[in-house]
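Each chain, letter by letter, is given below.
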Amino acid sequence: GDKTGEMLYDYARGIDGRKWEPRPVRKSVGAQVTWGVRFDDEAQLMRFVHQLAGEVSTRLQAAKVKARSVQMTLLRAVKNAPDSARKGHMGHGICDHMTRSVTLSCFTDDAKVLAREVSKMVLDLKVAPPEVRGL
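Residues numbered from 1 in each chain as written. Predicted model: local features only at pLDDT ≥ 70, side-chain atom pairs only at ≥ 80, totals over all residues. Heavy atoms only, no water.

Section: the side chain of Asp-109
Cut-off, in case you're wondering: Elements are defined by DSSP. Helices are runs of H or I of four residues or more, strands are runs of E of two residues or more, and each kind is numbered from the N terminus. Throughout, exposure labels follow a simple rule: accessible area from a 1.4 Å probe, protein chains only, divided by the maximum for the residue type, with under 20% read as buried, over 50% as exposed, and the rest as partly exposed. This count recognises Lys and Arg as positive and Asp and Glu as negative, with His and chain-terminal groups excluded. Salt bridges are defined as contacts in which a side-chain nitrogen from Lys or Arg sits within 4 Å of a carboxyl oxygen from Asp or Glu.
The residue Asp-109 is located in the loop between strand 2 (95-108) and helix 3 (111-125) in this model. Although buried, Asp-109 forms no salt bridge, and the nearest oppositely charged side chain, Lys-66, lies 4.5 Å from it.

Section: the nonpolar core
Put simply, the test is: For this analysis, a nonpolar core means a set of buried residues of the types Ala, Val, Leu, Ile, Met, Phe, Trp, Tyr and Cys, connected via side-chain atoms within 4.5 Å. Any two residues whose heavy atoms approach within 4.5 Å are treated as being in contact.
In terms of nonpolar packing, the biggest core is built from 25 residues, with Met-72, Leu-74, Val-122 and Leu-135 touching the most fellow members. Secondary-structure elements contributing two or more residues to this core are helix 2 (42-63), strand 1 (67-77), strand 2 and helix 3. Ranked by residue count, the leading element in this core is helix 2, at 8 residues. The contacts of Val-122, once residues within four sequence positions are left out, are Leu-45, Met-46, Val-49, Met-72, Leu-74 and Leu-135.

Some remarks on helix 3
To keep it simple, the criterion reads: Between the first and last residue of a helix there are one fewer steps than residues, each counted as 1.5 Å, and that sum is the expected span.
In a regular helix each residue adds 1.5 Å, so 15 residues correspond to 21 Å; helix 3 covers 21 Å between its end C-alpha atoms and thus fits that length. Considered for burial, the residues of helix 3 that qualify are Val-113, Leu-114, Ala-115, Glu-117, Val-118, Ser-119, Met-121, Val-122 and Leu-125. Buried residues along helix 3 sit in contact with helix 2, strand 1 and strand 2. Two residues or fewer after helix 3 comes Lys-126, characterised by a positive phi angle close to 55°.

Everything listed here is a matter of geometry and, on its own, says nothing about what the molecule does.
Okay, here's the thing in structure tokens:
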């Protein structure tokens, strides 16, 4: 309509009357690793979960926020996927993305709490550690 036409006309000329915010309010804090992820056993996977939870805890504390919900995405290697689909020998290649989340009973930035909850979600997926390509 006319209103959209005027707006596009102005934008094309570098005119934008909207209020500018230099940095939007952060809505999430997270960390992920999808390069070079290889595990031989569950102990290695759980150690990695605890390290990643520690990183998220550090980021939460730096941002002066606490989490009430935790979301985890695990990348599982697709069986019989061609090696040519990977970038190098340590890339994750073609993967299934498996996402789970949990709402905590209280807000936290504690690495142990985050690691406990993510560990439960990872184990509930029943993915063999050698198939994990990212978290």
